[in-house]
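Listed below, chain by chain, are the residues.
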Amino acid sequence: MIVEMAKNASREQVDHVVERAEFLGFEVQLNFGTEKTVVAILGSETGKTSTDIFAVLPGVESVSRVMKPYKLASREFNPRSTVVNVRGVEIGGPRVVVIAGPCAVENEQRLMDTASAVKACGAAVVRGGAFKPRTSPFSFQGLEKDALKMLSRVRTKLGIPVVTEVVDIENILIVAKHADILQVGARNMQNFALLKELSKLNHPILLKRGLSATVTEWLTAADYLLAEGNNQVILCERGIRTFEDSVRFSMDLSSIGVIKRFSHLPVIVDPSHAAGHSAFVPSLAKAAVAAGADGLLIEVHPNPEEALVDGLQSLNFPTFEKLMAELKPIAEAVGRSI
Ligand code: PEP
Ligand code: MN
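Residues numbered from 1 in each chain as written. Chains lettered and ligands numbered in written order. Predicted model: local features only at pLDDT ≥ 70, side-chain atom pairs only at ≥ 80, totals over all residues. Heavy atoms only, no water.

1. Notes on the packing of aromatic side chains
Two measures describe an aromatic ring pair: the distance that separates the ring centres and the angle between the ring planes. For the structure shown, the criterion picks out one aromatic pair. Over the aromatic face of phenylalanine 249 sits the side chain of arginine 238, whose NZ or CZ is 4.1 Å from the ring centroid. (Phe/Tyr/Trp six-rings, centres within 6.5 Å; stacked < 30°, edge-to-face > 60°. Lys NZ or Arg CZ within 6 Å of the ring centre and 35° of its normal.)

What follows is the structure, given as structure tokens:
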């Protein structure tokens, strides 16, 4: 339930709403906007409580039920768009932030070469998988903690933030020590135990859309991350499973507009995992920027033929450089920079 206070509501009136909600056993989260205060009343029983209980209190302008299951990720709760600051790189601001790097960290030299190359082309963040959530247990699982140390050294040497995936609760703290953004992969979008633990961190989280998740399920999963007060959540559209099998996943670009309308969270797009083939990555990347994405997550490898994971969809350095040049006028056409 969302309680919108009147513009001139006093602090005592806001506190009174909070006390009433807590007395009834609900949790509250406050959002002090420049214009007005919004109180989110949280709890599984809110649906059974009359909105009049709050509407009758002094200073309350309106009370609405949140029909959608997500609350904290909603624009009703936070009308202003969230900008996530990753060591000075703002995701959700005017700049389209490009995150690029290999699918998996394979060795330090390759990681360093790739990071330097993508940075020189304008990437603002480097990616590289340390723990790989592979569909088969017999596939390469990543260099794990050794890869985290390599990511750490590369970020220090190049002064660029890094993102890597966290696949289980046990490794949250070590991943957070070495990475600036923790990625929750598509296969873990509804791993609620993992999301709850991540919610306790004060660290930017990149939440990928599940392979078969609706936008509503995705935003509801984001609520788990926001529930303990971590508001540094970035969404990542990476394509969904449909009947179409000519590409790896169907890129749902309409989700960008839907997210922008119904949520305050920034949304970036991963064209690599959707395309599944490097030939289709540039057009999807360009379309995503034109459609209003706040950033891109692109797999780049110095020699895709030798990549241990996802070589087919990885761009080599010249293709990435060309794409970055092509993205510039598109970003400018939609009032952004890159
Ligand atoms: C990845 O980014 O390396 C990855 C495994 O992506 P996804 O979770 O979207 O499949
Ligand atoms: Mn990959």
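Moving on from the model shown.
2. A word on the sheet that holds strand E1 (residues 2-5)
The strand order across the open sheet formed by four strands is E2-E3-E1-E4, and the pairing between neighbours is antiparallel. Of all the strands in the sheet, the pair left with one neighbour each is strand E2 (27-32) and strand E4 (60-64). Between one strand axis and the next, the sheet turns by 20° as a mean value, whatever way the strands run. The pairing of E1 with strand E3 (residues 37-42) spans three bridges and is classified as antiparallel. Across the sheet, residue isoleucine 2 finds its bridge partner in E3, namely alanine 40. (Pairing = 2+ DSSP bridges. Helix = DSSP H or I, 4+ residues; strand = E, 2+ residues; numbered from the N terminus. Axes fitted to C-alpha atoms, helices over the stretch in contact; angles between N-to-C directions.)

3. Quick word on the pairing of strand E9 (residues 162-165)
Because side chains alternate across E9, one face comprises the buried residues Val162 and Thr164, and the other comprises Val163 and Glu165, equally buried. Following the backbone out of strand E8 (residues 125-127), through helix H4 (residues 144-158) and into the adjacent parallel E9, one traces a crossover that is right-handed. Note that E9 and strand E10 (residues 181-184) share three bridges and pair parallel. Within E10, the position partnered with valine 163 by the bridge is isoleucine 181. Viewed along the sheet, the connection from E9 through helix H5 (residues 172-178) into E10 turns out right-handed. (Buried < 20%, exposed > 50% of the residue type's maximum accessible area, 1.4 Å probe, protein only. Right-handed = clockwise from strand over helix to strand, strands pointing away.)

4. Things to note about the domain arrangement of the protein
Parsing the protein into structural domains produces domain 1 (2-64) and domain 2 (84-333). Between domain 1 and domain 2, the C-alpha centre-to-centre distance is 36 Å. (Domains from an automatic or database assignment.)

5. Some remarks on the site of ligand 1
Within the structure, ligand 1 sits among Cys103, Arg127, Lys132, Glu165, Gln183, Gly185, Ala186, Arg187, Lys208, Arg238, His273 and Glu299. At a separation of 2.8 Å, an oxygen atom of ligand 1 approaches a polar side-chain atom of arginine 187. Lysine 208 is positioned with one of its side-chain polar atoms (N or O) 2.9 Å from an oxygen atom of ligand 1. Taken by itself ligand 1 offers 290 Å² of open surface, and the protein chains cover 96% of this. For the shell around ligand 1, the residue count by class is two nonpolar, three polar and seven charged. (Near = heavy atom within 4 Å. Polar contact = N/O pair within 3.5 Å; in protein donor to acceptor, adjacent residues only side chain to side chain. Areas by Shrake-Rupley, 256 points an atom, 1.4 Å probe, with all protein chains shown as cover. Nonpolar A, V, L, I, M, F, W, Y, C, P; charged D, E, K, R; others polar.)

6. Quick notes on the pairing of E2
Pairing of E2 with E3 involves six bridges; the strand directions are antiparallel. The residue of E3 that forms the bridge with leucine 30 is valine 39. Hairpin connection between E2 and E3: a loop of four residues separates the two successive antiparallel strands.

7. Details of the pattern of salt bridges
Across all of its chains, the model carries 19 salt bridges by this definition. Between lysine 36 and glutamate 61 there is a salt bridge; the shortest N-O distance is 3.0 Å. Of this pair, lysine 36 sits in the loop between E2 and E3 while glutamate 61 sits in strand E4, and the two are 25 residues apart along the sequence. The exposure class assigned to lysine 36 is partly exposed, which follows from its relative accessible area of 21%. (Salt bridge = Lys/Arg side-chain N within 4 Å of Asp/Glu carboxyl O.)

8. Section: a negative patch on the surface
Residues Glu19, Glu22, Glu27 and Glu228 make up a contiguous surface patch of negative charge. Inspection of the secondary structure puts glutamate 27 in strand E2. According to the relative accessible area criterion, glutamate 27 is exposed, its value standing at 55%. (Patch = residues over 30% accessible without salt bridge, like charges linked within 9 Å, V, L, I, M, F, W, Y side chains within 5 Å. Lys, Arg positive; Asp, Glu negative; His and termini not counted. Charge placed at Lys NZ, Arg CZ, Asp CG, Glu CD.)

9. Structural notes on the state of the cysteines
Taken as a whole and judged by the stated rule, the model has zero disulfides. Cysteine 103 supplies the cysteine sulfur nearest to cysteine 121, a cysteine that is in no disulfide, at a spacing of 19 Å. (Disulfide = S-S within 2.5 Å.)

10. A few points about the environment of serine 314
Position of serine 314 among the secondary structure elements: in the loop between strand E14 (295-299) and helix H11 (317-333). For the pair serine 314 and serine 272, spaced 42 residues apart in sequence, the C-alpha to C-alpha distance is 6.9 Å. Those residues within four positions of serine 314 in sequence are excluded, and the remaining contacts are Ser278, Glu299, His301 and Pro304. Reaching out from serine 314, the side chain makes a polar contact with the backbone oxygen of aspartate 310 at a distance of 2.7 Å. (Contact = heavy atoms within 4.5 Å.)

11. Description of the packing of helix H10 (residues 281-290) against H11
Look at H10 against H11: their axes get within 9 Å of each other, and the N-to-C directions meet at 25°. The orientation of H10 with respect to H11, classified from their angle, is roughly parallel. At the point where H10 passes H11, the crossing takes the right-handed sense. Contact residues: Pro282, Ala285, Lys286, Val289 and Ala290 in H10; Leu323, Glu326, Leu327, Ile330 and Ala331 in H11. Grouping the constituent residues of the contact of H10 with H11 by class yields eight nonpolar, no polar and two charged. (Parallel < 35°, antiparallel > 145°, perpendicular 65-115°, else oblique. Left-handed = near helix turned anticlockwise from the far one by under 90°.)

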